[in-house]
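Single-letter residue listing:
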Amino acid sequence: MSSTTHEGKTVKRDRTHYLYIAVIVAVVLGIAVGILFPDFAVGLKWIGTTFVALVKMMIQPVIFCTLVIGVGSVRSAASVGKVGGLALGYFLTMSTFALAIGLVVGNLIDPGEGLNLTDETAGVGAEQAKGAGSTTEFITGIVPDSLFSSLTSGEVLQTLFVALLVGFALQAMGRSGEPILKGIGHLQRLVFRVLSMVMWAAPVGAFGAIAAVVGETGWEALRSLAVLMGAFYLTCFIFVFGVLGTILKLVTGVNILSLFKYLGREFLLIVSTSSSESALPRVIAKMEHAGVDKSTVGVVIPTGYSFNLDGTAIYLTMASIFIADALGKPLSIGEQISLLVFMVIASKGAAGVSGAGLATLAGGLSSHRPELLDGVGLIVGIDRFMSEARAVTNFAGNGVATVLVGHWTGTLNRERLDQVLAGDAPFDEMTMLDDDHSEGDRAKEVEGAS
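The text that follows walks through the structure, step by step, so that each part is easy to find. All values derive from a computational prediction rather than experimental measurement. (Residues numbered from 1 in each chain as written. Predicted model: local features only at pLDDT ≥ 70, side-chain atom pairs only at ≥ 80, totals over all residues. Heavy atoms only, no water.)

### Things to note about the packing of helix 8 (residues 156-173) against helix 15 (residues 294-307)
Heads up, the condition is: Interaxial angles span 0 to 180 degrees and are taken between N-to-C directions of axes, which are lines fitted to C-alpha atoms, for helices over the stretch in contact. Working definition: helices are DSSP H or I runs of at least four residues, strands are E runs of at least two. Numbering for both runs from the N terminus. Two helices that cross are described as forming a left-handed crossing if the nearer one is turned anticlockwise from the farther one by less than a right angle, and a right-handed crossing if clockwise. Contacts are assigned to residue pairs that have any heavy atoms within 4.5 Å of one another. In the scheme used here, Gly and all other residues not listed as nonpolar or charged are polar, with Ala, Val, Leu, Ile, Met, Phe, Trp, Tyr, Cys and Pro taken as nonpolar and Asp, Glu, Lys and Arg as charged.
Where helix 8 meets helix 15, the closest approach of the two axes is 10 Å, and the angle between their N-to-C directions is 145 degrees. In the crossing of helix 8 with helix 15, the sense of the turn from one axis to the other is left-handed. Contacts between helix 8 and helix 15 involve Val156, Leu157 and Leu160 from the former and Pro302, Thr303, Ser306 and Phe307 from the latter. Here the residues of the contact of helix 8 with helix 15 are counted per class, giving five nonpolar, two polar and no charged.

### Focus: the pattern of salt bridges
Side-chain pairing between opposite charges can occur once the charged atoms of the two side chains come close. Note the threshold: A carboxyl oxygen of Asp or Glu within 4 Å of a side-chain nitrogen of Lys or Arg is what we treat as a salt bridge. Only protein chains enter the accessibility calculation, which uses a 1.4 Å probe. A residue is then buried if its area is under 20% of the maximum for its type, exposed if over 50%, and partly exposed in between.
In this structure the tally under the stated criterion is four salt bridges. When the shortest N-O distance is used, the salt bridge between glutamate 266 and arginine 282 registers 2.5 Å. Of this pair, glutamate 266 sits in helix 13 (residues 264-273) while arginine 282 sits in helix 14 (residues 280-289), placing them 16 residues apart in sequence. Residue class for glutamate 266 comes out buried when judged on its relative accessible area of 0%. On the basis of relative accessibility, which here comes to 2%, the residue arginine 282 falls in the buried class. With its nearest N and O atoms 2.9 Å apart, the salt bridge here joins arginine 414 to aspartate 418. With arginine 414 and aspartate 418 both in helix 20 (residues 414-421) and four residues apart, this pair spans about one turn of that helix. Given the relative accessible area of 31%, arginine 414 is considered partly exposed. Salt bridges linked by common partners bring Glu266, Arg282 and Lys286 together as one network.

### Remarks on the environment of alanine 313
Of note, alanine 313 is situated in helix 16 (residues 310-326). The spacing of alanine 313 and phenylalanine 97 is 216 residues in sequence and 9.3 Å in space, taken between C-alpha atoms.

### Side note on helix 20
What counts is decided by this rule: The arc in question is formed by the directions pointing from the helix axis toward the C-beta atoms. Pairing of N or O atoms within 3.5 Å defines a polar contact, subject to two protein rules: one partner must be a possible hydrogen donor and the other a possible acceptor, and residues neighboring in sequence count only if both atoms are side-chain atoms.
What helix 20 keeps buried is the set Arg416, Leu417, Val420 and Leu421. Seen from one end, helix 20 has its buried residues packed into an arc of 125 degrees, which puts them on one side. One side-chain oxygen at the N-terminal end of helix 20 lies 3.3 Å from the backbone nitrogen of glutamate 415; it belongs to asparagine 413. Just past helix 20, the residue glycine 423 takes up positive phi, approximately 85 degrees.

Shown next, in the form of C-alpha cells:
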C-alpha cells in the first residue's frame, strides 16, 4: 500500500477516488453502448444484477452488527426508545410533506393528459400487481422462521427485529455481555473489509446496469414520457432542497450542500446501480465518523431504509395521478389520499428492492381502483430512471434524519461534524472503519491540520 510522510507521520494514500472516477467513465460508456448496440447491451444486464447482488449479500450482516452494537452498548433501553420514537415521528411527518408536495405538483401539471393506452401495455399492470403483498403479509413477514434465518432471508425488517431483540438482551446481561459485543465489533470490521473489496467491482457493475437499461428503453420511450420524468425530478429536488434543506439549516445550522458533498460517493453509487442499498453500509460508517453516536446511527439509518421513503411517496403520488389522467379517469382528492396512504404503508421495507415501487403502485391500484391497473404499463419503460430519483431522495432523507435526530437527542458531536464537513477529518475510504487510530490520535491529527 502506498503512503506518504507528513511531519514525521506515515499517512495512507487514498486511491479510492480512482474507483469513483472509473464509475463515472463506466456510466458514460454504458450509455454509449446502450444507444449504439442496444441488443448487445440488453445482454449485459446480468453484470449489473450480479454486482447489486454482491452488495446486497452484505446488507443484513451490516445492519445486524451495527444495530446490535448500537443498542447493546447503551445501558438504558429508554435512550434507544427515545431515539427510535423521535425517528419514527420524524419519518411520518416527512412522508406527509412528500405526499403533499407530490399531490400539488401532480394535480397542477396533469402529466398523463392526452396519452393513449395500447393493448400491449395494458397487460403489464396485472403482472406487476402480483409482486405487491397485503398489509397483513407485511406485518407477519417481520418475524423470521428462526433467529439465524433473519441474517439470510433477504428481508431487512426481519434483521432489524432480531437485532433489536439481541441488542436489548445484551443490555440486560450487563458486563457479562461485553465480550459478545466485542466479538460482534470484530465481526463488523470484517464485514466492512469484505464490502470494501466488493466495491472495486462497482465500475463493471455500473457499466452493465446502465448499458442494459438504455438498450431496453431507448430514447423514444424517454421522450414520450419526458413530462412525467421532469415533473418527478423537479418535485424531488424541491422536497430535498426546499423542505429537508430548510429544516436542517434551521434546526442545526448545517448546510445541506456540505452534507451532500461529504456523501457524494454514496450518491454516485446509487445513481449508477439504481439501488439505495448499495450505499447503506457506507453511510452507516460515514455518519459514525461524522460524530453521530453509534447507537443513534444504528437505529436511525436501518429503520429509515424501511420507513423513511420520501422519494417513494412522491413517486406513488405522481404515478397514480399520471395513470388516472392518462386513462381519462381522474382521482378525486379523497381517493388520492386514501389510495396513497395505503401504498406508503404497503411499501415499508421495500426500499432498495428493484421494481418494488412499481409492484406497490400496481397492488394499490388493484385494491382501490382496479380499472386503473392497466395503466401501470405506461410507466414501465421509465420506471428504472424514476427508481434512481426515488433512491437518491430516500437516501438524502435518511442522511438528514440522522443528523437531526442526533441533534435532538444530544448524541451528535457538533464539533466533530463541522471538522468532517470542512474536510479536516477525512473519512478512511480504504476500510470504511476508523480502526487504525484512536479518538485521541484523530483529535491530534485534526488539531495539526487546523
